[in-house]
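# Structural features, examined
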Amino acid sequence: MPARESSQTAAGPVTQRPIHAMLVANAATHKFHHPPALQPRHRQVARKAIWWRHRHPGIPCTLAKLDVSRAFKWHDVRPSDAGDFGSALPGGAVGVEGRVKMIYGGMPFGWSGAPGEYMIFALAARSLHESYGPYHPEVNGPTRFSSEWLMDDSVAVEPLVGTRPWQAVDCMGHAIRTVWGDDALNPPKQVEEGTPGPTQIVWGLHMDMRAMTCRLPEPKALKPSQSYSMDPERSD
């Protein structure tokens, strides 16, 4: 492998998880040289809920999420380019003298081309999910499933009609396994977030299908007020 300039690396004191500064690799390319990575917004989720409310008046809507475990790590780096994604760590973190060279075989987070290259597969999973509809459409409705994908976080909005919400989640899991493999589903999060319900934390915001609201979760909303109240320079 030809000599490459490795990126700087920081490591957290608790988990020793490396954080790559992809300055060298990012200087060699631009995000416009890769597929677009346009991300959905919360308003798109809200529009789906409003659409279902009009289609099935009086029927509550549900939210469910599935997470792709390890996300970018499923995407291999071409061996001839792996040197551009190398990093160096102090060897003491792993009981070795000097510095330890790390070369990622999977696509690292922080590379400017990573979002677009990843979203090709996320959009493939979404297209597969949306190609399905529920069994027994006379009971569960004839409309095909629909979902929104923000990188590795997929969200489905479905009305509580028959078993439709659970079928939608099953199909979303099938799409994830088809694109990334059987180990791509995150079991703990699947249990926690993959059960259809009226409320859910969607991409950092709390969405409530009963009240039709979208707001900061309470812990995040309290942080600014707590920081403000602890400010020693406050005059009031």
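Data block above holds the structure.
Worth saying up front: this structure is predicted, and the values here are computed from it rather than measured. (Residues numbered from 1 in each chain as written. Predicted model: local features only at pLDDT ≥ 70, side-chain atom pairs only at ≥ 80, totals over all residues. Heavy atoms only, no water.)

### Let's talk about the pattern of salt bridges
Condition: Salt bridge criterion: a side-chain nitrogen from Lys or Arg within 4 Å of a carboxyl oxygen from Asp or Glu. By definition, any uninterrupted DSSP run of H or I lasting at least four residues is a helix, any uninterrupted run of E lasting at least two residues is a strand, and each is numbered from the N terminus. Classification of residues uses two cut-offs on accessible area relative to the type maximum, computed with a 1.4 Å probe and protein chains only: under 20% is buried, over 50% is exposed, and between them is partly exposed.
Tallied over the entire structure, the rule returns 5 salt bridges. Its salt-bridge partner being Lys48, residue Glu148 comes within 3.5 Å of it at the nearest N-O pair. Placement of Glu148 in strand S6 (residues 148–150) and of Lys48 in helix H2 (residues 42–55) is noted, with a sequence separation of 100 residues between them. What makes Glu148 buried here is its relative accessible area of 9%. Between Glu193 and Lys65 there is a salt bridge whose closest N-O contact spans 3.6 Å. Note that Glu193 is positioned in helix H6 (residues 187–193) and Lys65 in strand S3 (residues 61–67), a separation of 128 residues in sequence. Grouping residues by exposure puts Glu193 and Lys65 together as buried.

### Section: unusual backbone geometry
The backbone of Trp203 sits at a positive phi, close to 50°, despite the residue not being glycine. By secondary structure assignment, the location of Trp203 is in the loop between strand S8 (199–202) and strand S9 (205–208). Overall, Trp203 belongs to the buried group, its relative accessible area being 15%. One non-glycine residue, Met212, adopts positive backbone phi at about 55°. Within the secondary structure, Met212 sits in the loop between S9 and strand S10 (213–215).

### Some details on helix H3 (residues 114–130)
Threshold: A helix's residues, less one, multiplied by 1.5 Å, set its expected span. Values of bend correspond, residue by residue, to the angle between axes fitted over the seven residues ending at that residue and the seven starting there. The contact rule is simple, with two residues in contact once any of their heavy atoms fall within 4.5 Å.
The end-to-end C-alpha separation of H3 is 24 Å, in line with the 24 Å expected for 17 residues at 1.5 Å each. At Ile120, H3 shows its largest bend, some 25°. Buried within H3 are the following residues: Ala114, Gly116, Tyr118, Met119, Ala122, Ala125 and His129. Buried-residue contacts for H3 involve S6 and helix H5 (164–180).

### Regarding the sheet that holds S10
Our working rule: One requirement defines pairing of two strands: DSSP has to find at least two bridges between them. Fitted lines through C-alpha atoms give the axes, limited to the stretch in contact for helices. The angle between two N-to-C directions lies from 0 to 180 degrees.
Sheet architecture is open: 3 strands sit in the order S8-S9-S10, paired in antiparallel fashion. Both edges of this open sheet fall to S8 and S10, since each of them pairs with a single strand only. If you compare each strand with its neighbour and ignore which way they point, the axes differ by 20° on average. Bridge count for S8 against S9 is 4 bridges, and the pairing is antiparallel.

### Details of H2
Structurally, the α-helix is built with 3.6 residues per turn, so residues lying three or four positions apart point the same way. Quick reminder of the rule: Arc, as used here, means the arc of the directions from the helix axis to the C-beta atoms.
Relative to the 20 Å expected for 14 residues at 1.5 Å per residue, H2 spans 20 Å between its end C-alpha atoms, a close match to the ideal helical length. All of the buried residues along H2 are His42, Val45, Lys48, Ala49 and Trp52. For H2, the buried positions fall inside an angular range of 120° around the axis, keeping them on one side. With respect to the buried face of H2, the exposed residues turned more than 90 degrees away are Arg47 and His54.

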